[in-house]
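Chain and residue survey
The primary structure of each chain is shown beneath.
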Amino acid sequence: MASILVTGGSGFLGSNLCIRLINDGNFVISIDNNYTGRMENLNSIIEHPNFLFIKQDVIQPLVIDKQIDQIYHLACPASPPAYQGKAAIMTTKTCVYGAINLLELAKEKNAKILLASTSEVYGDPLVHPQVENYRGNVNPNGVRACYDEGKRCAESLFFDYYREENVRIKVIRIFNTYGPKMDPKDGRVISNFICQALRGKDITIYGEGNQTRSFCYVDDLIDVMIKMMNSHDDFVGPVNIGNPEEFTIKELAEKVIAKIGGNSKIVYCDLPKDDPAQRKPDITLAKNKLFWEPQINLNIGLEKTIDYFQSELFTEDNSYED
Ligand code: NAD
Ligand code: UDP
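Residues numbered from 1 in each chain as written. Chains lettered and ligands numbered in written order. Predicted model: local features only at pLDDT ≥ 70, side-chain atom pairs only at ≥ 80, totals over all residues. Heavy atoms only, no water.

Okay, the site of ligand 2 next. What surrounds ligand 2 is a group of 18 residues, the closest being Thr204, Tyr206, Arg213, Asp275 and Arg279. Within the side chain of Asn192, an N or O atom sits 2.8 Å from an oxygen atom of ligand 2. In isolation ligand 2 offers 510 Å² of accessible surface; the protein chains occlude 95% of this area. Counting residues per element, the ones that place at least two in the shell around ligand 2 are α5 (189-198) and β8 (203-206). (Near = heavy atom within 4 Å. Polar contact = N/O pair within 3.5 Å; in protein donor to acceptor, adjacent residues only side chain to side chain. Areas by Shrake-Rupley, 256 points an atom, 1.4 Å probe, with all protein chains shown as cover. Helix = DSSP H or I, 4+ residues; strand = E, 2+ residues; numbered from the N terminus.)

Inspection of the secondary structure puts Leu126 in the loop between β5 (112-118) and α4 (145-165). When the C-alpha atoms of Leu126 and Pro238 are compared, they prove to be 19 Å apart, with 112 residues separating the residues in sequence.

With that settled, consider the site of ligand 1. Asp32, Thr36, Leu74, Tyr147 and Lys151 are the nearest of the 29 residues found near ligand 1. Between an oxygen atom of ligand 1 and a side-chain N or O atom of Thr36, the distance comes to 2.6 Å. The separation between an oxygen atom of ligand 1 and a polar main-chain atom of Cys76 is 3.2 Å. Look at ligand 1: alone it shows 820 Å² of surface, and the protein chains cover 97% of it. With 3 residues, β5 is the largest single contributor of residues to the shell around ligand 1.

In terms of nonpolar packing, the biggest core is built from 59 residues, with Leu17, Tyr72 and Met225 touching the most fellow members. Looking at which element gives the most residues to this core, the answer is helix α6 (residues 218-229), with 8 residues. Ranked by size, the runner-up nonpolar core spans 33 residues in total, among them Leu62, Ala75, Ala106 and Ile169. (Core = buried A, V, L, I, M, F, W, Y, C linked by side-chain atoms within 4.5 Å. Buried < 20%, exposed > 50% of the residue type's maximum accessible area, 1.4 Å probe, protein only.)

This part takes up the sheet that holds strand β11 (residues 239-241). What the 7 strands build is an open sheet, ordered β3-β2-β1-β4-β5-β6-β11; its pairing is parallel. Every interior strand has two partners, whereas the edge strands, β3 (51-55) and β11, have only one. Ignoring strand direction, the axes of neighbouring strands in this sheet form an average angle of 20°. The pairing of strand β2 (residues 27-32) with β3 spans 5 bridges and is classified as parallel. Among the inter-strand pairings, Asp32 is bridged to a residue of β3, identified as Lys55. The strands that α6 touches are β4 (70-73), β5, β6 (169-174) and β11; relative to β6, the one it contacts most, it runs at about 160°. (Pairing = 2+ DSSP bridges. Axes fitted to C-alpha atoms, helices over the stretch in contact; angles between N-to-C directions. Contact = heavy atoms within 4.5 Å.)

The next point concerns the side chain of Asp220. Here Asp220 is to be found in helix α6. Salt bridges are absent for the buried Asp220, whose nearest opposite-charge side chain, Arg20, sits at 7.9 Å. Within polar-contact distance, the side chain of Asp220 engages the backbone nitrogen of Ile296 at 3.0 Å. (Lys, Arg positive; Asp, Glu negative; His and termini not counted. Salt bridge = Lys/Arg side-chain N within 4 Å of Asp/Glu carboxyl O.)

Here the focus is the side chain of Gln211. Take Gln211: it is sitting in the loop between β8 and β9 (212-214). Classification of Gln211 by relative accessible area gives buried; the value is 12%. Within the structure, the side chain of Gln211 is placed 3.0 Å from the backbone oxygen of Tyr206, a separation counted as a polar contact. Within the structure, the side chain of Gln211 is placed 3.3 Å from the backbone nitrogen of Gly209, a separation counted as a polar contact. Gln211 has contacts with Tyr206, Phe247, Thr248, Ile249, Leu271, Asp275, Pro276 and Ala277, leaving out every residue within four places of it along the chain.

This part covers the confidence of the model for the chain. Close inspection of predicted coordinates is inappropriate for parts of the model with low pLDDT. On average, residues of the chain carry a pLDDT of 96, and 98% of them reach 70 or more. Within the model, pLDDT remains below 50 along residues 317-322, and this stretch shows 10 contacts once partners closer than five positions in the same chain are excluded. (pLDDT = per-residue confidence, 0-100.)

Our focus in this paragraph is helix α9 (residues 298-313). Along its 16 residues, α9 runs 21 Å from first to last C-alpha, staying within 8% of the 22 Å computed at 1.5 Å per residue. Taken together, the buried residues of α9 touch β7 (177-178), α5, β10 (216-217), β12 (246-248) and α7 (249-260). (Expected span 1.5 Å × (residues − 1).)

Below, the structure written as structure tokens:
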């Protein structure tokens, strides 16, 4: 049984990961300040004897008196509405101080540590599909910079601790991922479109809907995250993780409407600043090094996610109504 720390454990990806790690027979400690995380995501394991939840901000130094073998560092708001605006400075601090605090902990415990980095390190990419050695096209002082530059700095810190301190690191660059345990209020495109369609509201496309994204189902992502953590110490990444099937946002809206039915119609809203025009991972490295490729296509993944939101929306109170 390994002793594993997951930061961001009450969030979308973190809670899916904690549940998988507990089911695999590990001892799991989760740290989260619940900024975007929800304790109900952990309902199925919160009483488990091998699970411990610590409410803490990773911006603050961490003192943990238990053995830790592996750290998955996920704590960070990930949805543009959650990391922009009044949360921007906090987001940069979370990325930078959070990385330093977790890397110091990894050094103290001699633990292996994985960073959940992002396709946003490529910014609005001029190379398509994105390969790991592409250095990106990020606006360093735009509204997305707190997240994009924050994650770029976190990657830089991970590699400096690897070179200077011999910390065993792993860096994955996650492309848009979706599935059960997303927060209906989160503001990302798949949660917005499904919740809008289920409620019979208009589907809000930002811009003209010609921008593209490639969507990975959460179970595929959790599989490869665990594979990466347990891969040979020499393979540190960065490695792209995502589903290379690419769709325009308009195609996504049409798919969601076709699956859910109802009276929702598409409305076109302002395109947010610096919104990347295209995004699709080249996953050759993950295929070759981790023997992984996604198994769940968008049609199947959307159906599973619609089922999840259906039960979320119609068992909750009205607080998600906008
Ligand atoms: P999420 O918002 O659901 O989860 C993030 C979690 O981190 C939340 O539980 C939140 O409360 C917690 N958190 C935020 N700031 C914190 C702080 N200062 N201290 C402690 N906890 C804090 O988002 P997610 O989609 O689960 O993303 C998890 C990680 O994966 C993030 O690091 C994100 O950058 C990365 N990622 C996700 C995607 C995706 O498509 N889901 C894509 C690229 C990268
Ligand atoms: N988007 C949209 N309508 C929404 C939410 C998002 O058209 O209600 C667009 C957004 O402008 C972006 C894409 O969908 O082009 C993906 O947005 P998301 O916030 O999910 O992720 P990211 O921009 O970080 O890839």
